[in-house]
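Notes for the structure review
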Amino acid sequence: RGAVVLRLRAKEELGSTVVKVLIKYAEQLTATGSRLMLAGLTPGVRRQVDDTGLTALLGDDAVFLAQPRVGLSVNAAIEHGRRWIAEAAAPASGEE
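Residues numbered from 1 in each chain as written. Predicted model: local features only at pLDDT ≥ 70, side-chain atom pairs only at ≥ 80, totals over all residues. Heavy atoms only, no water.

Once that is clear, we can look at the overall build of the protein chain. Broken down by element type, the protein chain carries 4 helices and 3 strands. In sequence order, the protein chain lays out its α and β elements as β-α-β-α-α-β-α. Dimensions of the protein chain, computed from the C-alpha atoms along their principal axes, are close to 50 × 30 × 15 Å. For the protein chain, the proportion of its 96 residues judged to be buried stands at 34%. Residue pairs at least 24 apart in sequence account for 71% of intrachain contacts in the protein chain once pairs closer than 6 positions are excluded. When the accessible surface of the protein chain is split by element, carbon and sulfur atoms take 54% of a total near 5900 Å². (Helix = DSSP H or I, 4+ residues; strand = E, 2+ residues; numbered from the N terminus. Buried < 20%, exposed > 50% of the residue type's maximum accessible area, 1.4 Å probe, protein only. Contact = heavy atoms within 4.5 Å. Areas by Shrake-Rupley, 256 points an atom, 1.4 Å probe, with all protein chains shown as cover.)

Encoded structure:
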């Protein structure tokens, strides 16, 4: 299980080919028990990933808007990915 964080800061728009590649990559990661997270999104790119169904595929918790200070959204995505991985590695309650 792993998480891939892709930083998209300063992108005002994603081309349709990029969106298709991201969807395919996210599906491939999901098939292996991993996931894709997007960080640094502008509001316009966030709308675009929402409208194309990419947010629904990734999960709302895997999409991080750009913050005023560079690196904050990437760091938040990385930390979220680490927690997500750790949760999977932890035994379920009642298991020993």
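Turning our attention to the sheet that holds strand β3 (residues 63–65). The parallel open sheet is built from 3 strands, whose spatial order is β1-β2-β3. What marks the edges here is a single partner per strand, and that holds for β1 (3–7) and β3. Strand-to-strand twist in this sheet, taken as the mean axis angle between neighbours without regard to direction, amounts to 15°. Summarising the sheet, strand β2 (residues 35–41) and β3 pair through 3 bridges and their orientation is parallel. (Pairing = 2+ DSSP bridges. Axes fitted to C-alpha atoms, helices over the stretch in contact; angles between N-to-C directions.)

Let us look at unusual backbone geometry. The backbone of A10 sits at a positive phi, close to 75°, despite the residue not being glycine. With respect to the secondary-structure elements, A10 resides in the loop between β1 and α1 (16–31). Given the relative accessible area of 62%, A10 is considered exposed.

Attention now moves to the pairing of β2. Within β2, 7 of the 7 residues are buried, which leaves the element mostly enclosed by the surrounding structure. Sheet topology note: the β1/β2 ladder contains 5 bridges and is parallel. Note that in β2 the partner of V5 across the bridge is M37. Between β1 and its parallel partner β2, the chain crosses via α1, and the hand of that crossover is right-handed. (Right-handed = clockwise from strand over helix to strand, strands pointing away.)

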